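The lines below spell out each chain.
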Amino acid sequence: MRTRPILELLRKYESRNVTFIEPDGSWPTVWERARGAQVWDADGNEYLDLTAAFGVAAAGHANPRVVKAGQRQMAKLAHAMGDVHPHALKAELARELSRITFERWTRRNPKSEFRNPKSAKTIFCNSGFEAVEAALKTAMLATGKGGVIAFEGAYHGLGYGALNTTHRAHFRSHFRAQLGGFGHFVPFPAGDRDTGADPPLAPPVRRNRPRGTRRAVPRPGGARVGLAETESQIRRLFRREKIGAVLVEPIQVRGGINIPLSEFLPLLRRLCDEHGALLVLDEIYTGFGRTGKWFACEHSETVPDILCLGKALTGGFPLSGCVGRSDVMDAWPPSTGEAIHTSTFLGHPVGCAMALAQIKEITRLQLVRRSSKLGLLLLEMLSGLSAQRLPASLSARGLGLVAGLEVCDPDGSPATRLALRIIKAMLRRGFIVLPEGEHANVVSFTPPLTITGRQLQAAVAALVEILKHE
């Protein structure tokens, strides 16, 4: 048994805030290797990974072509010099990101304000929150206004810049004295059939609710609100504050798989245009086919000013990007020999090689289409759980291969303990899932896009068995 001594080493030498370790040893597993949608732990146990390691392994864990690209590059050039002496792959990847985003969007939209396909420019970073911070800096330079509108439930990372726009108090409370305070939060108008609102981007869901009860799912800090109230609060902030950007996730994954109304992103686009602000979309989790489109903003045909990318970009190497329209990115002054935003590992050659291979694999394997098709199957199966006779209220929502099963008590309050018992029981049966949402009561599913329908069916079947014994 290798797991226990490894966890003891972590307990002794790693910051105690990082890895949660159950006293009885039931959590976590210690990963040894992974391939496709399978993971093996240090004791040889096999699991089906329904998280894709936070959405990273879109083309499967250890995709052979992506791995080979990284290995070749590692043997050839393991490191370049960030903003000083570049390498060819950084230029190639910047061109490719322009091609699959702004160039593709404006070429396909005959009503676009741009007569010719609009190109993009990229600032490469290491982690997702760094891409967000680069976007916030870009907005400041482009508009001269430092205020940022973000949304309740938002998760944009934990660096000090990004933390100003990450909503959950759990992450912010200890550091408020050091935060800049430029973020302003408004409600995120997630779609819910019970609110009487227009349908969300996702298909309608079925719910298991004890008869005679009424579902009341509050947004963080209050009751769920509609699109009109969100718009009103945004307009009020534009009048009162110097707002340079609206920063939003097309789907709040860490926030609980919150899927907005289809009119939401187009509304933000109009408001930004009206008030001279930039629309910044955080697609770090939802990009590269996760939702059944290359990027989630394509479901509502909304073109942002800046796009933040990461996670599935490389399939496993730390690399992210702040990708923006060229005219917006040109708000940055030309380098005079000393960049004002850079890092040692900027545009790392191994990461760039893997990213180029990852994009090719997503295309070759038609994973965007696969995500859309399997996502419908997954949502149908999760929605079917409403037929189970349970003491809890279940509601399923999803888009592509990002889905969530919300677990509530009969009175509508979050059933956190039950959700966590379900997640641990799934782990014992060989399935890795994670909790999401402020109350950790949403069981999330973000598997590799290479997962099979049979594997999804096996996972839901295990979930059904677990629910029967709860």
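Residues numbered from 1 in each chain as written. Predicted model: local features only at pLDDT ≥ 70, side-chain atom pairs only at ≥ 80, totals over all residues. Heavy atoms only, no water.

(A) Layout of the packing of aromatic side chains. What the rule picks out here adds up to 10 aromatic pairs. Measuring from ring centre to ring centre gives 5.4 Å for Phe 288 and Phe 295, while their planes differ by 65°; the resulting arrangement is edge-to-face. Phe 295 carries the same exposure label as Phe 288, and that label is buried. In this arrangement the basic side chain of Arg 33 is found over the ring face of Trp 40, its NZ or CZ atom lying 4.1 Å from the centre. Above the face of the Tyr 155 ring, Arg 254 is positioned so that its terminal group lies 4.6 Å from the ring centre. (Phe/Tyr/Trp six-rings, centres within 6.5 Å; stacked < 30°, edge-to-face > 60°. Buried < 20%, exposed > 50% of the residue type's maximum accessible area, 1.4 Å probe, protein only. Lys NZ or Arg CZ within 6 Å of the ring centre and 35° of its normal.)

(B) Looking closely at the sheet that holds strand S10 (residues 306-309). If you walk across this open sheet you meet the 7 strands as S4-S11-S10-S9-S8-S5-S6, and the pairing is mixed. The open sheet terminates on both sides in strands that have one partner only, identified here as strand S4 (120-125) and strand S6 (183-186). Across the sheet, the axes of successive neighbouring strands diverge by a mean angle of 20°, strand direction being ignored. Note: strand S5 (residues 147-151) against S6, 4 bridges, orientation parallel. Residue Val 148 lies in a different strand from S6, and its bridge partner there is Gly 183. The strands touched by helix H4 (residues 88-108) within the sheet are S4, S10 and strand S11 (320-325), with S4 carrying the most contacts at an inclination of about 130°. Taken strand by strand, helix H9 (residues 264-275) contacts S5, strand S8 (243-248) and strand S9 (278-282), and its axis lies near 150° from that of S9. (Pairing = 2+ DSSP bridges. Helix = DSSP H or I, 4+ residues; strand = E, 2+ residues; numbered from the N terminus. Axes fitted to C-alpha atoms, helices over the stretch in contact; angles between N-to-C directions. Contact = heavy atoms within 4.5 Å.)

(C) Highlighting the nonpolar core. Core analysis: the largest hydrophobic core is formed by 94 residues, its most contacted members being Leu 50, Leu 97 and Phe 288. The element that contributes the greatest number of residues to this core is helix H14 (residues 453-468), accounting for 8 residues. Aside from chain neighbours lying at most four places away, what touches Leu 50 is Met 426, Phe 431, Ile 432, Val 433, Ser 444, Phe 445, Thr 446, Pro 447, Ile 451, Leu 456 and Ala 459. Residues Ala 134, Ala 162, Ile 306 and Cys 308 belong to the second largest nonpolar core, which totals 21 residues. (Core = buried A, V, L, I, M, F, W, Y, C linked by side-chain atoms within 4.5 Å.)

(D) Examining H14 more closely. In this model, H14 (16 residues) spans 23 Å end to end at C-alpha, consistent with the 22 Å of a helix rising 1.5 Å per residue. Those residues of H14 that sit buried are Gly 453, Gln 455, Leu 456, Ala 459, Val 460, Ala 462, Leu 463, Val 464, Ile 466 and Leu 467. (Expected span 1.5 Å × (residues − 1).)

(E) View of the state of the cysteines. This model, assessed by the stated rule, comprises 0 disulfides. No disulfide involves Cys 272; its sulfur sits 13 Å from the nearest other cysteine sulfur, which is in Cys 308. The closest cysteine sulfur to the non-disulfide-bonded Cys 297 is located on Cys 308, 12 Å from its own sulfur. (Disulfide = S-S within 2.5 Å.)

(F) Representation of the pairing of strand S2 (residues 38-41). Taken together, the 4 bridges between strand S1 (residues 31-35) and S2 define a ladder with antiparallel strand orientation. Bridge assignment links Arg 33 to a residue of S2, and that residue is Trp 40. In this sheet, strand S3 (residues 46-49) lies alongside S2 in antiparallel orientation, the contact comprising 3 bridges. Within S3, the position partnered with Trp 40 by the bridge is Glu 46. In textbook terms, the turn of a hairpin is the stretch between consecutive antiparallel strands, and for S2 and S3 this stretch comprises 4 residues, one of which, Gly 44, has a positive phi near 90°.

(G) Up close: the sheet that holds S3. Spatial strand order, S1-S2-S3-S14: 4 strands in an open sheet with mixed pairing. Edge positions in the sheet fall to S1 and strand S14 (431-432), since each has one partner strand and no second.

(H) A look at the pattern of salt bridges. Throughout the structure, instances matching the rule amount to 18 salt bridges. The closest approach of N and O atoms between Asp 327 and Arg 325, which form a salt bridge, is 2.7 Å. Classification of Arg 325 by relative accessible area gives buried; the value is 14%. (Salt bridge = Lys/Arg side-chain N within 4 Å of Asp/Glu carboxyl O.)

(I) Up close: the environment of Gly 276. Relative to the elements of secondary structure, Gly 276 occurs in the loop between H9 and S9. In this structure, the C-alpha to C-alpha distance between Gly 276 and Thr 143, residues 133 residues apart in sequence, is 7.3 Å. In contact with Gly 276, other than residues within four places in its own chain, are Thr 143 and Lys 145.

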